[in-house]
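# Geometric and topological summary
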Amino acid sequence: MNLPRVLGPATGVPWRPVAVLTGSGVGLLLVGAIWSGSPVAGTAVTVGVPLLAAAAAYVLDEAASEAVAAVPTSLRARSMTRLVVAAAIVGVGALALGVGALRSGSSAKAGITVQLVGLTLVAVAASAAARRRVGEPGEAVGGALLALVLALALTHPFDRWVALFPSEPDLRWGVSLALWAAVAVASLTALWVATRDPLD
């Protein structure tokens, strides 16, 4: 089997940071699943989810972006091929969250998948927008996203209105799901605009 031909544009993905961040994120989600009754479980999930999103920020990196821009394949088509990798990251994360939900008997753990999707779409939309100026925005976008999420998780500035990173169901769980769904839709729209070919 000719792997480069099967993967197409995804062969240019920087696999090392993607694998390290994905492995770290899934590992933390599984720690949260194994010790679901422990106070460390919530922290592990809160850190694990943005690590997975940070991994997805790297999938649009193109070291040879100037050379690749000259090929007949459109920017959007190349981007969509690479976004399959981001979808796989979300799928692995969702499985780990599902394990946590089964072990804890709480559907809240599975509901965190909406947060994972929202953060991942934010990461890839920001990378797609930054890619118009920088060929490899993954490191900056992933680092900024991780720092922002950890700062919000530690300071809780919006807890009066919404629980941004809930790990247990409460009266505001529905508001959190609605917020992350809205973030996902907005990010998907931004991603569609950012992957438009410059000449379109």
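Worth saying up front: this structure is predicted, and the values here are computed from it rather than measured.

Taken as a whole and assessed by the stated rule, the structure comprises zero aromatic pairs. One residue, R76, lies across the ring of W192, its end atom 3.6 Å from the ring centre.

Next up on the list: the nonpolar core. In terms of nonpolar packing, the biggest core is built from 46 residues, with V59, I89 and V124 touching the most fellow members. Where this core is concerned, the elements lending two or more residues are α2 (15-34), α3 (39-57), α5 (75-104), α6 (107-130), α7 (138-155) and α8 (173-194). Discounting chain neighbours no more than four positions away, the residues touching I89 are V18, T22, L52, A55, A56 and V59.

On the surface, L30, I34, W35, V40 and V99 cluster together into a nonpolar patch covering about 440 Å² of accessible area. Within the secondary structure, L30 is located in helix α2. Classification of L30 as partly exposed rests on a relative accessible area of 34%.

Below, the discussion takes up α7. Along its 18 residues, α7 runs 25 Å from first to last C-alpha, staying within 8% of the 26 Å computed at 1.5 Å per residue. Restricting attention to buried positions, one finds in α7 the residues G138, V141, G142, L145, L146, V149, L152 and A153. Relative to the axis of α7, the buried residues are bounded by an arc of 135° and lie together on one face. Of the exposed residues in α7, those oriented more than 90 degrees away from the buried face are E139, A140, L154 and T155. Of the residues trailing α7, H156 is marked for its positive phi of about 50°.

Moving on: the packing of α2 against α5. Between two packed helices, the angle of one axis relative to the other and the distance separating the axes together describe the packing. Remark: α2 packs on α5, axes separated minimally by 8 Å, with the N-to-C direction vectors making an angle of 10°. Between α2 and α5, the angle falls in the class roughly parallel. As for the relative orientation of α2 and α5, their crossing is right-handed in sense. Contacts between α2 and α5 involve W15, V18, T22, V26, L29, L30, A33 and I34 on the former and, on the latter, V85, I89, V92, G93, A96, L97, V99, G100 and R103.

Even without being glycine, H156 reaches a positive phi, approximately 50°. Following the sequence through the fold, H156 ends up in the loop between α7 and α8.

Conventions adopted
By convention here, each chain's residues receive numbers from 1 onward along its written sequence. Only residues with pLDDT of at least 70 get local features here, since the model is predicted, and only at 80 or more are side-chain atom pairs given and counted; chain-wide, interface and lining totals rely on the full set of residues. As a convention, hydrogens and water are excluded, and side-chain values are obtained from all of the structure's heavy atoms. Side-chain rings of Phe, Tyr and Trp, where Trp is taken by its six-membered ring, are said to pair if the distance between their centres is within 6.5 Å; with planes under 30 degrees apart they count as stacked, over 60 as edge-to-face, and otherwise as tilted. Think of it as a cone above the ring: NZ of Lys or CZ of Arg counts as a charge over the ring if it is within 6 Å of the ring centre and within 35 degrees of the ring normal. For our purposes a nonpolar core is just a set of buried Ala, Val, Leu, Ile, Met, Phe, Trp, Tyr and Cys residues, chained together by side-chain atoms within 4.5 Å. Burial classes follow relative accessibility: with a 1.4 Å probe on protein chains only, a residue under 20% of its type's maximum area counts as buried, one over 50% as exposed, and anything between as partly exposed. Starting at the N terminus, helices and strands are each numbered in turn, a helix being any DSSP run of H or I of at least four residues and a strand any DSSP run of E of at least two. Between two residues, a contact is recorded if the distance between any of their heavy atoms is within 4.5 Å. Residues qualify for a patch when their relative accessible area is over 30% and they have no salt bridge, like charges being joined within 9 Å and the nonpolar side chains of Val, Leu, Ile, Met, Phe, Trp and Tyr within 5 Å. Reported accessibility uses the Shrake-Rupley method at a 1.4 Å probe radius. Residues are deemed covered only where the shown protein chains occlude them. The salt bridge definition used is simple: a Lys or Arg side-chain nitrogen within 4 Å of an Asp or Glu carboxyl oxygen. The span you would expect from a helix comes to 1.5 Å times its residue count less one. Directions drawn from the helix axis to the C-beta atoms are what define this arc. Here an axis means a line fitted to C-alpha atoms, over the contact stretch when the element is a helix, while the angle between two N-to-C directions is reported on a 0 to 180 degree scale. Orientation categories follow fixed angle ranges, with anything under 35 degrees roughly parallel, anything over 145 roughly antiparallel, 65 to 115 roughly perpendicular, and all other angles oblique. When the near helix sits turned anticlockwise from the far one by under a right angle, the crossing is termed left-handed; a clockwise turn instead gives a right-handed crossing.

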